[in-house]
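If you want the building blocks of each chain, they are given just below.
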Amino acid sequence: MVWDAAKEMMDKEEMRREQLPLLQQTIRNVYENVPFYRELFDREGVHPDDLQTLEDVQKFPFTTKDALRDNYPYGLFARPMKDIVRLHASSGTTGKPIVVGYTQNDIDMWSNLIARLATMAGVSQDDVAQICFSYGLFTGGFGLHYGLEKAGATVVPASVGNTEKQIMLIQDFDVNVLVCTPTYALYLSEVANDMGLDPRKLSLRVGMFGGEPWTENMRTQIEERLGIVATDNYGLSEIVGPGVAGECQARAGLHINEDHFLVEVIDPETGEVLPDGEEGELVFTSLTKEAFPIIRYRTKDISVLNREACSCGRTGARMRKVTGRTDDMLIIGGVNVFPSQIESVLMEIPEVAPHYLIVVDKKKAFLDDLEVHVELNREKFTGSFRDLEAVEKKISRKLANVLTVSPRVKLVEPKSLERSTGKAKRVLDKRKTV
């Protein structure tokens, strides 16, 4: 199924021709209406007239999250407040939140983008979709709600928490589309088991997951536990919220809505633009946002671009599933370690549950100490002390092979690690508190 064939199957050169005037208009808009960008461009010696090709965007400076915080709350808005119909904000876990605004046209565009992603995932007007994202300043709940309604689905705005009631609603309302973080999907399957239910026998058919990086191994766990097709969708509040990209049923990368967003991949160290196929940091420029356009925003998300046509017939650029961020990277004794690497190893070991905590500390004041707390899978564990030792050694060996450092492994009882209805907390870095 395709929501907007004219755009999603557009010839690549035709798409580029459509992007250029949109980009030129956006660059001129921020220069004329956002003092921050005018000062930044002037300081860097660039002007909207310098943009004659799509590649010329590389002449313009990046926007970082610090700029968004420094201009809190409305300093980056390109439209007056009388035109702003909605405000959203990031969680604000460090300092002030990132505030984003929407005109009515922005809201309509956003809904259309989510409808595209829902259709890609296989959602239709015959489906009942339960949204287990928070409703509030976070963009996930409302963004997906409006888009799923536009796609014709019946929406259950369940929000977060009270998992037993969530399962009751799934049963009573014949819900077949689950919308939440992948971590919460796993937790929901766990609670269903505790209630004496077989999660695979629920009415669920499709999962639209996002809000946090997750690995292919976690996808396999979710699909096996819930008996569904699990799809990934990607977005950031700073760009629009969910709706930037999503997977079709082929699940061969996330289709980027290129008629609304210009995407680049850069070397996170040098800022150099990398060719398609090379791994680097995603950078997005909005092409159609009215209230809050953003230029070359550094997402810190690591991915790869693929511009070959997909087997589903869509022709736009695809991005590899994001499994980590540059700011997630841990440096342990001089070695770069990503939480996603640890997760990939753990998800392949049947004796452990898909719940873990990475604890980093200083040992003897100077040496980094890495310890991985891993929950046992009670269905696979025999209760033998010898088996416990064997599982611990297996995890340690596999982690050492992948990471090139040797973390200590601590096996913990089932359900002893904290559960989250939102983004999972996977890392406890005690070095930051010293």
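Given the structure is predicted, the values throughout are model-derived calculations rather than measurements.

The rules we used
Every chain is numbered on its own, with residues counted from 1 as its sequence reads. Two thresholds apply to this predicted model, a pLDDT of at least 70 for residue-level local features and 80 or more for giving and counting side-chain atom pairs, whereas whole-chain, interface and lining totals are computed over all residues. The side-chain numbers reported here are obtained from all heavy atoms of the structure, hydrogens and water having been left aside. In this analysis, rings of Phe, Tyr and Trp, with Trp reduced to its six-membered ring, are considered paired at centre separations within 6.5 Å, and the interplanar angle assigns stacked below 30 degrees, edge-to-face beyond 60, and tilted for intermediate values. The helix count covers DSSP runs of H or I at least four residues long, the strand count covers runs of E at least two residues long, and both are numbered beginning at the N terminus. Think of it in three bands: residues with accessible area under 20% of the maximum for their type are buried, residues over 50% are exposed, and the middle band is partly exposed, with areas taken using a 1.4 Å probe on protein chains only. At least two DSSP bridges between two strands are needed for those strands to be called paired. Contact between two residues is taken to exist if any of their heavy atoms lie within 4.5 Å; hydrogens are not considered. To get an axis, fit a line to the C-alpha atoms, keeping to the stretch in contact for a helix; angles then go from 0 to 180 degrees between the N-to-C directions. When the strands point away from the viewer and the connection leading from the first strand across the helix to the second strand turns clockwise, the crossover is called right-handed. Side-chain atoms within 4.5 Å link the members of a nonpolar core, which is a set of buried Ala, Val, Leu, Ile, Met, Phe, Trp, Tyr and Cys residues. Identification of polar contacts relies on pairs of N or O atoms within 3.5 Å, with a donor-acceptor requirement for protein atoms, meaning one able to donate a hydrogen and the other able to accept it, and with residues adjacent in sequence counted only if both atoms are side-chain atoms. The cut-offs work like this: below 35 degrees is roughly parallel, past 145 is roughly antiparallel, 65 to 115 is roughly perpendicular, and the gaps in between are oblique. Nonpolar residues are Ala, Val, Leu, Ile, Met, Phe, Trp, Tyr, Cys and Pro. Charged residues are Asp, Glu, Lys and Arg, and all others, Gly as well, are polar. By salt bridge we mean one thing: a side-chain nitrogen of Lys or Arg within 4 Å of a carboxyl oxygen of Asp or Glu.

1. Considerations on the packing of aromatic side chains
Throughout the structure, instances matching the rule amount to 12 aromatic pairs. Between Y31 and F41, the aromatic rings sit 6.3 Å apart at their centres with planes inclined by 10°, giving stacked as the arrangement. Remark: F41 occurs in helix α3 (residues 35–44) and Y31 occurs in helix α2 (residues 12–33); sequence separation between them is 10 residues. Given the relative accessible area of 10%, Y31 is considered buried.

2. Quick notes on the sheet that holds strand β5 (residues 177–180)
With mixed pairing, 9 strands are arranged side by side in an open sheet as β4-β3-β5-β6-β7-β8-β9-β14-β13. Here the strands that pair on one side only, and so sit at the sheet edges, are β4 (154–156) and β13 (305–306). The sheet contact formed by strand β6 (residues 206–209) and strand β7 (residues 229–236) spans 4 bridges and is parallel. Across the sheet, G207 pairs through a bridge with A230, a residue of β7. Seen against the sheet, helix α6 (residues 139–150) touches β3 (128–131), β4, β5, β6 and β8 (241–247) and runs at an angle of roughly 170° to β3.

3. Section: unusual backbone geometry
With omega at -5°, the peptide bond leading from Y72 into P73 counts as cis. Topologically, P73 is positioned in the loop between α4 (65–70) and β1 (86–89). Non-glycine residue R296 carries a positive phi angle of around 50°. Here R296 shows up in the loop between β11 (280–286) and β12 (297–303). Of note in the backbone geometry, K300 takes a positive phi value of approximately 70° without being a glycine.

4. Digging into the pairing of β3
In β3, alternate side chains face the same way, and those of V128 and Q130 on one face and A129 and I131 on the other are all buried. Relative to β4, β3 runs parallel, the two sharing 3 bridges. Bridge pairing in β4 links V128 to T154. For the crossover from β3 across α6 to β4, the handedness is right-handed. As defined by bridge partners, β3 adjoins β5 across 3 bridges and the pair is classed as parallel. Counterpart to I131 in the pairing with β5 is V179.

5. Some words on the nonpolar core
In this structure, Y37, F41, L148, Y234, L282, F284 and M319 are the most contacted members of the largest nonpolar core, which totals 71 residues. Among residues more than four places away in sequence, those in contact with F41 are I27, V30, Y31, V46, F60, P61 and I295. Of all hydrophobic cores here, the second largest spans 25 residues; its members include I170, L178, Y184 and V191.

6. Let's talk about the side chain of Q130
Positionally, Q130 belongs in strand β3. Among the polar contacts listed, one links the side chain of Q130 to the side chain of Q166, at a separation of 2.8 Å. When near neighbours in sequence (up to four residues on either side) are disregarded, Q130 contacts V156, A158, Q166, L169, I170, V175, V177, L178 and V179.

7. Section: the packing of α2 against α3
How two helices sit against one another is set out by the angle between their axes and by the gap between those axes. The contact between α2 and α3 brings their axes to 5 Å, and the two run at 105°. Accordingly, the angle class assigned to the pair α2 and α3 is roughly perpendicular. Residue-level inspection shows I27, V30, Y31, E32 and N33 of α2 in contact with α3, the latter providing P35, Y37, R38, F41 and D42. In terms of residue class, the contact of α2 with α3 is built from 6 nonpolar, 1 polar and 3 charged.

8. A few points about the packing of helix α7 (residues 163–172) against helix α8 (residues 182–194)
Where α7 meets α8, the axes come as close as 10 Å, and the angle between the chain directions of the two elements is 85°. With respect to each other, α7 and α8 are oriented roughly perpendicular. Residue-level inspection shows T163, E164, Q166, I167 and I170 of α7 in contact with α8, the latter providing Y184, Y187, L188, V191 and A192. Its residues assigned to classes, the contact of α7 with α8 shows 7 nonpolar, 2 polar and 1 charged.

9. Focus on the pattern of salt bridges
In total, this model carries 29 salt bridges according to the counting rule given. E18 is the partner of K7 in a salt bridge, and the nearest nitrogen-oxygen pair spans 2.8 Å. In this pair, K7 is assigned in helix α1 (residues 5–8) and E18 in helix α2, connecting sequence segments 11 residues apart. We note a salt bridge from K321 to D232, for which the minimum N-O separation is 3.4 Å. Here D232 lies in strand β7 and K321 lies in the loop between β14 (318–319) and β15 (330–332), a separation of 89 residues in the sequence.

10. Brief notes about the sheet that holds strand β10 (residues 261–266)
Spatially, 3 strands are ordered β10-β11-β12 in an open sheet, and the strand pairing comes out antiparallel. Only two strands of the sheet have a single neighbouring strand rather than two, namely β10 and β12. Averaged over neighbouring strand pairs, the angle between their axes works out to 30° when direction is ignored.

11. Description of the side chain of T63
Tracing the backbone shows T63 in the loop between α3 and α4. Residue class for T63 comes out buried when judged on its relative accessible area of 0%. A distance of 2.8 Å separates a polar atom in the side chain of T63 from a polar atom in the side chain of Y37. A distance of 2.6 Å separates a polar side-chain atom of T63 from the backbone oxygen of I295.

Purely geometric stuff here, so don't read any function into it on its own.
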